[in-house]
Every structure is written in structure tokens, then in C-alpha cells.
Amino acid sequence: MDSMFNIGEKVKCKKFGTLTHDFVGSIEKVYENSAMVAILDHDASDEVAVNDFHNRVIVRLRDMKKVS
């Protein structure tokens, strides 16, 4: 599988579901069209949602971009 994202890379992800703001995370696993992302930095108002997700979410690859 050849993906433009690799495990350990820091990415900025678009908000979705109960998350009301974009967030920054680290890729833990890459799938065909998505990746498991550990949430590292998020808006304080999303704290409850992030805790409900146990600090991990599945995000579509097209909804994230690398952070340098």
C-alpha cells in the first residue's frame, strides 16, 4: 500500500461529528482511505467529545493534511 501519509506523522484534521473545531493529531495506523489518529491538540470546548473517543478517531485521508 502506497500512501501519502505515514505512521507517526503529525496532521491537522477537519472537524466532524461531535467535534466542533479542527484538531491536530498523530497517525497511528493507515488504512486504504482513512487513518487512525491520536488526538494531540484540540479546542477546549471539544474536551468531552475527545474523551468519549478515548483520544483516537478514524479520519478520511482527504480530510487531513501534514503539519510541518
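Residues numbered from 1 in each chain as written. Predicted model: local features only at pLDDT ≥ 70, side-chain atom pairs only at ≥ 80, totals over all residues. Heavy atoms only, no water.

A. Local environment of the environment of Leu19. As for its position among the elements, Leu19 is in the loop between strand E1 (10-13) and strand E2 (23-30). In sequence terms Leu19 and Arg62 are 43 residues apart; their C-alpha atoms lie 17 Å from each other. Beyond its immediate stretch of four places on either side in the chain, Leu19 contacts Asp46, Ala49, Val50 and Phe53. (Helix = DSSP H or I, 4+ residues; strand = E, 2+ residues; numbered from the N terminus. Contact = heavy atoms within 4.5 Å.)

B. Examining the environment of Ala44 more closely. By the secondary structure assignment, Ala44 is in the loop between strand E3 (34-41) and helix H1 (47-52). On the basis of relative accessibility, which here comes to 65%, the residue Ala44 falls in the exposed class. C-alpha separation for the pair Ala44 and His21, spaced 23 residues apart in sequence, amounts to 9.5 Å. (Buried < 20%, exposed > 50% of the residue type's maximum accessible area, 1.4 Å probe, protein only.)

C. Fine view of the pattern of salt bridges. The final tally for this structure, using the stated rule, is 3 salt bridges. A salt bridge links Lys66 to Glu9; its shortest N-O distance comes to 3.5 Å. Within this pair, whereas Lys66 is found in strand E5 (residues 64-66), its partner Glu9 is found in the segment before E1, the two being separated by 57 residues in sequence. Across the pair Arg60 and Asp63 runs a salt bridge, and its minimum N-O distance is 2.8 Å. (Salt bridge = Lys/Arg side-chain N within 4 Å of Asp/Glu carboxyl O.)

D. Region of interest: the packing of aromatic side chains. All told, the structure shown has 2 aromatic pairs when counted by the stated rule. With a centroid separation of 6.4 Å and an interplanar angle of 55°, the aromatic rings of Phe16 and Phe23 are classed as tilted. Overall, the relative accessible area of 3% leaves Phe23 in the buried class. With 6.3 Å between their ring centres and 20° between their planes, Phe16 and Phe53 make a pair best called stacked. Placement of Phe16 in the loop between E1 and E2 and of Phe53 in the loop between H1 and strand E4 (56-60) is noted, with a sequence separation of 37 residues between them. Given the relative accessible area of 30%, Phe16 is considered partly exposed. Through a chain of ring-to-ring contacts, the aromatic side chains of Phe16, Phe23 and Phe53 assemble into a single cluster. (Phe/Tyr/Trp six-rings, centres within 6.5 Å; stacked < 30°, edge-to-face > 60°.)

E. Structural detail: the sheet that holds E3. Taken in spatial order, the 5 strands line up as E4-E3-E2-E1-E5 in an open sheet, and their pairing is antiparallel. The open sheet has two free edges, formed respectively by E4 and E5, since each of these has just one partner strand. Pairs of neighbouring strands in the sheet enclose a mean axial angle of 45°, with direction left out of account. Sheet analysis places E3 next to E4, joined by 5 bridges and oriented antiparallel. Looking across to E4, one finds that Ser34 is bridged to Arg60. (Pairing = 2+ DSSP bridges. Axes fitted to C-alpha atoms, helices over the stretch in contact; angles between N-to-C directions.)

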